[in-house]
Amino acid sequence: QSALTQPPSASGSPGQSVTISCTGTSSDVGGYNYVSWYQQHPGKAPRVMIYEVSKRPSGVPDRFSGSKSGNTASLTVSGLQAEDEADYYCSSYAGSNNLYVVFGGGTKLTVL
Amino acid sequence: EVQLVESGGGLVQPGGSLRLSCAASGFTVSSNYMTWVRQAPGKGLEWVSVIYSGGSTYYADSVKGRFTISRDNSKNTLYLQMNSLRAEDTAVYYCARDPTPFWFDPWGRGTLVTVSS
C-alpha cells in the first residue's frame, strides 16, 4: 500500500482538462510544500513535471500545473494531447531522513 | 547535457550481492543530493536511499542494513551496494539527482535487478 493515495485511472478527450489528486496526511503532503509530480511513459524513466507543489521545470509545457489544499495535492493537465497519455506519480517529503520521500501509487492517464 | 547512466543490474540468487553504478555527466555528483528509486515490475515507485552533498546517507526501512549508497568523486559516479538480496528487491533501479531537496531530475534510464533462484 502506497503512502500517498492516487486514483488508479483518469481520462479525458484531446483538448479537455483533467485533474489527478494525491492525498496524504499532515505528516507529508499537508505539512510541507515539497510535492512533486512525475510522468512516466511505458518502458521509460520518470520525468519531473512539477516540483514544490506548483513550480514547473524548464521544458515542461505550461499545460501542466500543480496545487495543494490541506492534505491533498493536485496535478491539472489542460489542453490534453495524445502524448500526455502516461502514468503519473505524486511524491512528497515525508518529514524524516529515513522516510525521505513517499510516492503515490500512480495514475494511468488515458487520452480518449 | 546533464545525464545519468546506470549499470550493474542482472540476475542474482537470493542472498546474493550486486553493486549498481550510476555515472553522471554535465554536473558534479558530490555537489548534489543523489538518490536511488526502484520500481518493481508493474508497480509504482519506491524511494530507496539518498546521499547528501555533505556525505550523510539514509535508507528506506526495507533496505536498511542490507544496502549501502556511496559515491566516487574522482569518477563522478554514484553506487548502490546491495547485499542479502531478496525476491522482493526485484525491480528496475533508477538513480536521480535531487537538485533542491525532495524532487528528482534528471533520472537515469534504470537498470533491472532480478533476484531469483
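Everything that follows concerns the structure shown earlier in this document.
Residues numbered from 1 in each chain as written. Chains lettered and ligands numbered in written order. Predicted model: local features only at pLDDT ≥ 70, side-chain atom pairs only at ≥ 80, totals over all residues. Heavy atoms only, no water.

A word on the interface of chain A and chain B
Between chain A and chain B, the contact holds 20 residues from the first and 25 residues from the second. For the chain A and chain B pair, buried surface summed over both sides reaches about 1,900 Å², with 63% attributable to carbon and sulfur atoms. Put simply, chain A and chain B have 0 salt bridges between them. Of all the secondary structure elements, the ones that give two or more residues to the side of chain A that touches chain B are β3 (35–40), β7 (86–96) and β8 (99–103) of chain A. Residue contributions to the side of chain A that touches chain B peak at 4 residues, all from β8(A). When its residues are assigned to classes, the side of chain A that touches chain B shows 13 nonpolar, 5 polar and 2 charged. (Contact = heavy atoms within 4.5 Å. Buried area = accessible area lost by both parts, 1.4 Å probe. Salt bridge = Lys/Arg side-chain N within 4 Å of Asp/Glu carboxyl O. Helix = DSSP H or I, 4+ residues; strand = E, 2+ residues; numbered from the N terminus. Nonpolar A, V, L, I, M, F, W, Y, C, P; charged D, E, K, R; others polar.)

Topic: the environment of A:Pro61
Residues and elements named next belong to chain A. For Pro 61, the location among the structural elements is in the loop between β4 (47–50) and β5 (64–69). On the basis of relative accessibility, which here comes to 30%, the residue Pro 61 falls in the partly exposed class. It is 8.6 Å that separates the C-alpha atoms of Pro 61 and Met 49, two residues lying 12 residues apart in sequence. Aside from chain neighbours lying at most four places away, what touches Pro 61 is Arg 47 and Arg 56. (Buried < 20%, exposed > 50% of the residue type's maximum accessible area, 1.4 Å probe, protein only.)

Focus: the sheet that holds β5(A)
Each strand in a sheet pairs with its neighbour through backbone hydrogen bonds, running either in the same direction (parallel) or in the opposite one (antiparallel). Residues and elements named next belong to chain A. Across the sheet, which stays open at both edges, the 3 strands sit in the order β2-β6-β5 with antiparallel pairing between neighbours. Because the sheet does not close on itself, it has two edges, and the strands there are β2 (18–23) and β5. Within this sheet the neighbouring strands show an average axis-to-axis angle of 20 degrees, counted without direction. Where β2 meets strand β6 (residues 72–77), 6 bridges bridge the pair, whose relative direction is antiparallel. From the neighbouring strand, Val 18 faces β6, where its bridge partner is Val 77. (Pairing = 2+ DSSP bridges. Axes fitted to C-alpha atoms, helices over the stretch in contact; angles between N-to-C directions.)

A look at the nonpolar core
The nonpolar side chains of a soluble globular protein tend to be buried, and buried together. The biggest cluster of nonpolar side chains holds 25 residues, and the ones touching the most others in it are B:Trp36, B:Phe67, B:Leu78, B:Leu80, B:Met82 and B:Tyr93. When residues of this core are traced back to their parent elements, those giving at least two are β3 (18–25), β4 (33–39), β5 (45–51), β7 (67–72), β8 (77–82), β9 (91–98) and β10 (111–115) of chain B. Considering each element in turn, this core owes the most residues, 4 residues, to β3(B). Residues contacting B:Phe67, with those up to four places away along its chain left out, are B:Arg38, B:Val48, B:Tyr59, B:Leu80, B:Gln81, B:Met82, B:Asn83, B:Leu85, B:Asp89 and B:Tyr93. Counting 24 residues, the second-largest nonpolar core is a separate cluster that includes A:Leu4, A:Val35, A:Cys90 and A:Ala94. (Core = buried A, V, L, I, M, F, W, Y, C linked by side-chain atoms within 4.5 Å.)

Quick word on the packing of aromatic side chains
Evaluation of the coordinates by the stated rule reveals 17 aromatic pairs over all chains. Ring plane angle 15 degrees and centroid distance 3.9 Å describe the contact between A:Tyr51 and B:Trp103, whose orientation is recorded as stacked. Of this pair, A:Tyr51 sits in the loop between β4 and β5 while B:Trp103 sits in the loop between β9 and β10, on two different chains. Assigned by exposure class, A:Tyr51 and B:Trp103 land together as buried. Ring centres 6.4 Å apart and planes at 45 degrees place the aromatic pair A:Phe103 and B:Phe104 in the tilted group. Of the two residues, A:Phe103 is situated in strand β8 and B:Phe104 in the loop between β9 and β10; the pairing between them involves two chains. Here the two residues A:Phe103 and B:Phe104 agree in accessibility, since each one is buried. An aromatic cluster is present here, built from A:Tyr32, A:Tyr34, A:Tyr93, A:Tyr100, B:Tyr33, B:Trp47, B:Tyr52, B:Tyr58 and B:Phe102 joined pairwise through their rings. (Phe/Tyr/Trp six-rings, centres within 6.5 Å; stacked < 30°, edge-to-face > 60°.)

With respect to the environment of A:Thr76
Residue and element names in this part refer to chain A. Along the chain, the position of Thr 76 falls in strand β6. When the C-alpha atoms of Thr 76 and Val 18 are compared, they prove to be 5.6 Å apart, with 58 residues separating the residues in sequence. Once you skip the residues sitting within four places of it in the chain, Thr 76 turns out to touch Val 18, Thr 19, Arg 63, Phe 64 and Ser 65. Side-chain polar atoms of Thr 76 contact the side chain of Thr 19, separated by 3.0 Å. (Polar contact = N/O pair within 3.5 Å; in protein donor to acceptor, adjacent residues only side chain to side chain.)

These values are about where atoms sit, not about what they do.
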